[in-house]
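Residues per chain are reported as follows:
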There are 2 protein chains.
Amino acid sequence: MRCSIQSIGLAAALLASAVSAQTFQRLGTCPTLGCVFPPDQADFLAGQYFDIRLEVHAPKNGSEAIGLPPDEKFTFTIARGNETAKPVTEFFKLEEPKLEKWNFTWYEDLFAKDAKQPSVVDVTSKAYRRVALYEPGEYTATLSYNNGSTTTATWLVRDLVEERKAKNIIFFIGDGMTTNMITAARLIGHKTINGKYQSLMQLDKFPVLGHQMTHSIDSFITDSANSASALYTGHKSSVNALGVYADSSKNPFDDPKVETIAEIFHRLTGGLVGIVSTAFIADATPAALTAHTRDRNQYGHVVDTFLNGITNYTWTKWDGPDVLFGGGAEQFYNSTLGGKTYQDKDYYEEFAKKGYKIVLNNTQLQAASSNEKTLGIFSTSVMSKWLDRNVYKVNLNQTLSPTGDKTAALDQPGLKEMTLKAIDILHNRAGDKGFFLMSEAASIDKMMHVLDYDRALGELLELDDTVKATVKKIQDLGCEKETLILVSSDHGHGFDVMGSVDTKYFAAQKEDRKKRNAVGVYQNSGLSQYTNTGNLTYTDSNFPSNWSPRYTLFQGLMADPDRRETWSVHKDGPRKPAAELVKDSGDVYVNPKDGQGGLLLNGTLPLSDEQGVHSLTDVAVFAQGPCQETFGGVYNSIDIFFKMAECFGLARGKA
Amino acid sequence: MRCSIQSIGLAAALLASAVSAQTFQRLGTCPTLGCVFPPDQADFLAGQYFDIRLEVHAPKNGSEAIGLPPDEKFTFTIARGNETAKPVTEFFKLEEPKLEKWNFTWYEDLFAKDAKQPSVVDVTSKAYRRVALYEPGEYTATLSYNNGSTTTATWLVRDLVEERKAKNIIFFIGDGMTTNMITAARLIGHKTINGKYQSLMQLDKFPVLGHQMTHSIDSFITDSANSASALYTGHKSSVNALGVYADSSKNPFDDPKVETIAEIFHRLTGGLVGIVSTAFIADATPAALTAHTRDRNQYGHVVDTFLNGITNYTWTKWDGPDVLFGGGAEQFYNSTLGGKTYQDKDYYEEFAKKGYKIVLNNTQLQAASSNEKTLGIFSTSVMSKWLDRNVYKVNLNQTLSPTGDKTAALDQPGLKEMTLKAIDILHNRAGDKGFFLMSEAASIDKMMHVLDYDRALGELLELDDTVKATVKKIQDLGCEKETLILVSSDHGHGFDVMGSVDTKYFAAQKEDRKKRNAVGVYQNSGLSQYTNTGNLTYTDSNFPSNWSPRYTLFQGLMADPDRRETWSVHKDGPRKPAAELVKDSGDVYVNPKDGQGGLLLNGTLPLSDEQGVHSLTDVAVFAQGPCQETFGGVYNSIDIFFKMAECFGLARGKA
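Residues numbered from 1 in each chain as written. Chains lettered and ligands numbered in written order. Predicted model: local features only at pLDDT ≥ 70, side-chain atom pairs only at ≥ 80, totals over all residues. Heavy atoms only, no water.

On inspection of all chains with the given rule, the structure shows ten cavities of 30 Å³ or more. Taken as a whole, the largest cavity holds about 320 Å³ of empty space. If you go around the largest cavity, you meet 32 residues; those closest to its centre are Asp560(A), Arg563(A), Met558(B), Asp560(B) and Arg563(B). For the lining of the largest cavity, the elements supplying multiple residues, two or more each, are strand 23 (551-557) and strand 24 (563-565) of chain A together with strand 23 (551-557) and strand 24 (563-565) of chain B. A per-class count over the lining of the largest cavity returns 16 nonpolar, ten polar and six charged. (1 Å grid on protein atoms, 1.4 Å probe; cavity = no way out; pocket = protein on both sides within 12 Å on 5 of 7 lines; lining within 4 Å. Points joined across faces, edges and corners; volume = space filled by probe spheres on them. Helix = DSSP H or I, 4+ residues; strand = E, 2+ residues; numbered from the N terminus. Nonpolar A, V, L, I, M, F, W, Y, C, P; charged D, E, K, R; others polar.)

Residue and element names in this part refer to chain A. Taken in spatial order, the five strands of this open sheet run 2-9-8-4-5, and their pairing is mixed. The open sheet has two free edges, formed respectively by strand 2 (43-44) and strand 5 (86-87), since each of these has just one partner strand. Examined bridge by bridge, strand 8 (residues 137-145) and strand 9 (residues 149-157) share nine bridges and lie antiparallel to one another. Its bridge partner being in strand 9, Thr-140 is matched across the sheet by Thr-154. (Pairing = 2+ DSSP bridges.)

Residue and element names in this part refer to chain A. Per the UniProt annotation, the sites labelled "binding site: Zn(2+)" (unreviewed entry) are Asp-445, His-449, Asp-490, His-491 and His-614. For the annotated residues, spread through 170 residues, the largest C-alpha to C-alpha distance comes to 14.4 Å, consistent with a single compact locus. At 2.9 Å, the side chain of Asp-490 forms a polar contact with the backbone nitrogen of Gly-176. Tracing the chain through its elements places His-491 in the loop between strand 19 (483-488) and strand 20 (492-493). Setting aside residues up to four positions removed in sequence, His-491 forms contacts with Asp-175, Gly-176, Met-177, Thr-214, Thr-222, Asp-223, Ser-224, Ser-227, Asp-445, His-614 and Val-619. At 3.1 Å, the side chain of His-491 forms a polar contact with the side chain of Ser-224. (UniProt positions renumbered as here; feature names shortened; annotations may be inferred. Polar contact = N/O pair within 3.5 Å; in protein donor to acceptor, adjacent residues only side chain to side chain. Contact = heavy atoms within 4.5 Å.)

Opposite the 112 residues of chain A that make contact, chain B presents 112 residues. The contact between chain A and chain B buries some 9,100 Å² in all, and 59% of this surface belongs to carbon and sulfur atoms. For chain A, the biggest contributors to the area lost against chain B are Phe220(A), Tyr522(A) and Gln523(A); these three give 10% of the whole. There are twelve salt bridges connecting chain A and chain B. The closest approach of N and O atoms between Arg513(B) and Asp562(A), which form a salt bridge, is 3.0 Å. (Buried area = accessible area lost by both parts, 1.4 Å probe. Salt bridge = Lys/Arg side-chain N within 4 Å of Asp/Glu carboxyl O.)

Now for the sheet that holds strand 22 (residues 519-521) of chain B. Residues and elements named next belong to chain B. With antiparallel pairing, the three strands of this open sheet are ordered in space as 22-21-23. In the strand order of this sheet, the two ends are held by strand 22 and strand 23, each with one partner. Across the sheet, the mean angle from the axis of one strand to that of its neighbour is 45 degrees, orientation sign disregarded. Here strand 21 (residues 495-502) pairs with strand 22 via three bridges, running antiparallel. When the bridges of strand 22 are listed, Ser-500 appears paired with Gly-520. Lying on the sheet, helix 4 (residues 179-189) is in contact with strand 21 and strand 23; it crosses strand 21 at an angle near 35 degrees. Helix 14 (residues 453-476) rests against strand 21 and strand 23 of the sheet, and its axis sits at about 90 degrees to strand 23. (Axes fitted to C-alpha atoms, helices over the stretch in contact; angles between N-to-C directions.)

On to the UniProt feature "binding site: Mg(2+)" (unreviewed entry) in chain A. All names here are of chain A. Per the UniProt annotation, the sites labelled "binding site: Mg(2+)" (unreviewed entry) are Asp-175, Asp-283, Thr-285 and Glu-440. Taken together, the annotated residues stretch across 266 residues yet fold into one region, lying no more than 11.3 Å apart by C-alpha. Looking at the element boundaries, Asp-283 is found in the loop between strand 14 (272-280) and helix 7 (284-287). Relative accessible area serves as the criterion here: at 4%, Asp-283 is assigned to the buried category. Filtering out sequence-adjacent residues up to four positions away, Asp-283 remains in contact with Arg-296 and Lys-446. Turning to its location among the elements, Glu-440 is positioned in strand 18 (residues 435-441). For Glu-440, the contacting residues outside a window of four places in its chain are Ile-173, Asp-175, Val-276, Ser-277, Thr-278, Ala-279, Thr-285, Pro-286 and Leu-415. (Buried < 20%, exposed > 50% of the residue type's maximum accessible area, 1.4 Å probe, protein only.)

Right, here's the structure in full:
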């Protein structure tokens, strides 16, 4: 539930509070009682900054209790290749840090949770801050504890060339976007005649296709925080963690950090960074570029890191992005207007003090100069959806003005407007230094979470339209040979289309069971009615001409809460399929107001889940531009970081 | 239901009878009253044989009735590029065929069907047999009818070079296999440590990845017959059709044909053809290589076409495959043993008469010479599944001997054994002519249809193991530079994995609703337990070491019949999740014998569907070898035919 929640308004956003990631595993990436972070199998870019965290666990009860106190005299050595292992302080020329102590609890399984019998673990720990490995090859990191136990981590510094091949990288992320969704979006947005599409998605025209594995480090399903961290840092992490390996301490700001592509690129080359998202801008996918915390819900902190970087420890050089566009004004206006910001500061003021131009609607965005660092915040909470901005406009009439004055945010840009302006600014300001731009279509995920398939596919088509406009703009700027354009995703949702629904027949059936016969599969799916303009002429457009045809898509997720399905567009705004009928009961039923006249269906998800959940599937990677050939085939999500870093020439064999 | 049905035993196979493809469309690919097959937008390989069928429809009632009798004086012309249109008889130098007449009925929608009010259509028609277009470019085919109405089809003969780049093509088809399933199979078959796989699928190692669009010509969901036809002929067709465009006549053997890759390759080069499948060998995916009928259920006919090709019309040169391996003995032994064959012949005898060596079990297969044309039929009906052959062997104890003597078929080869032997034979016999081998893992689809996820993933892992062994064998033979290896699929099923299930906790809950809390999502998914060997050592294997761990996959389809889920392996053989409680009622409920102790779930599929159904999603294409670079990116299923034909150099600019 805490994952990429559709937060409409501040109250909902605040509900998404931190949840311990420690249920059923004592600590992810630490199966033994001695923990090394970065853990075994970690890969590094030569010269990438990172922190080291060591923990020794002394379980006091439960199946792992061994009756020992937590070891305070553990030691840690590092050996490069076959060289002699050196104490970590000698290896990195560091002072010995002070010993830290804490304890934490976890449940060994659901039976222990039901019985409220947590396992308690005492911990001793040390952390070593901002180190780097420069020489490629294998390193052996060994933690010795409990008089003879050892935990060994094999680290690999990858052998990458330092030559820079791309001046710019534009990385589009369709949050939660799968191949299944791309296929469905193509079906409703583009017309076929006798099995041949008369127009294609821009994604279909990319020369190189890959698949990336999205799984988390401690579980095979990821959330957007740790998947984004994998894409940006080359290090998979735990669910909810941004740019750190999650340790077991109570402090969410002391976890061992890894440097991100944005940070490394800016530190080494002075290149500019742009961040664009249709989410609230403190959401995980944009946040993971600069934030370092195991708790993605520290939204105020995230916004501060955009501007100021990491301030509680010595870390990388950071000057703020040149472009920061999105929603989430509640982390910018302070509590006098109902916002919740870091130290209750007004972050519009904080950004302005550092020289940012501030824009709060599309008119201001379009009018703004392309010569200034620019902050654009266009709504409180998540930005409005393409379908509401373009088709069901009455739904914009809310209280989500980015000023915090509770008026409506009617003049919001779309992803395309934000991205094209971002490119203008970055291109103008970067000179020879180049830029890295991340642009996220966030509400593919958010709308899939609430089973609002139409809105999700609308967001996907808007992403494709944005990519199309971007490809053209980069060509118009003459930058296509020096700009790598990537489009990928951070994880999947189990979604597909199995046929069509005759909504007229569906509505005419009185019995729920009979309504199922309105579904047409195989040949009875027929052809898409979404592109039917009522005549045989065809207009090239990237969007459906009719969102509410008689024959709709028979589509859905693979795991749901209780819900009621009509397989029809929800004209009155994003769905809320399920809800707690008794507040805080943790017992979710179908929302009585959603999907009236629809088919009542029992879910399979845990009773506390109001929304659909992420899935396992590999997701697609589309690449064009310099280094495109390195993105073909199947690889791990972390490889995207290394491929981008190689294309930017960011490896450094020496300090 | 008729689509890739899991036919256990002959009775079930016979249930899969022909269903009209004409519900809710008068006739696919013919929106107007004049029909041209091949229709508008058809692409051709230069020199590919095809038939032309023209129809003029005169609806007698319903919304399209215009009160005219069927036109008997329609005309048909063809123009190349901007040249003058010529009558078809002149263009192809053909005799005018005789006029045919018939009528057919269809339902305009579900209301008409419920009211039993069919629309009746009178038809006049002509067919022109075995023609070909040689010169690349556009052709305009025009049917004129009803005193001034016209239907125009634009045909494109693609501009391909005649140079041959590959000696051999091995085309693996994972029936119904999606990227989601590949990801799930990797998870249970291969182990991760801290987010890094310690071994990979063979598919993951292919250098080139593409996506193909699988939709049908007349509907956006396909079945295996017309998707296979698209892959093999470059022509999408209608659901249930094999190597033809489906016309509206009653005869299933007079539909307009298109020549397949196997036929063209053999006709032009004398190259050898091998066909391997774990299905009954008359099933759609193997059948589409030689059969030409709009009704995939003409199994006896299909087997005859393997041996004799098309005999009712002049067609292509065909000498039978050099290898034909699979199940489906009931189309080989005749009715005295309970089989159902073409003209009640014994097809073991028919194949033997034409010089085929016959093998009926794995021992005979392994012992057979690699110098003979070989027919291997290893079971009645679909072959046994990897999981039953290797883990739950007691399930093999059935009555499915390929001899028809009702003993068990205990000694069945797997896909790997069949494929490696096929390569031996084809390589030995082909000399310089090369070979085309299609090898199908059929039961990925068949087991997904019955919601038996474990068996489906077992079949997928067996496919991957087969591909791995094939890559090695081709290298050992020194043929890797002249052999294109492709792995793809024909369509999807809406499948994914969303987390894990604690089966112990699940079983301990008395209430259905409470069982849902046994599901773990996000971090509570944990790590795969299928590769857990009970200690920390790891053995490189392509299969799970434990199919029944405490924490199983929380997996499923997106559209189901009523069913009961346990999310546990079905140890007693393939599932039958739903059934008619009253025979022939068309009203399917959960099978009381399936999934006992599981969670009862209502389906969303039409009430007559006992099985899951195919889905829309694009499927992956993995390529290595000559021409591999042409298989990257996103394209239509028919493009696979053209890419293979180009790699074999099969285009012919002159007759």
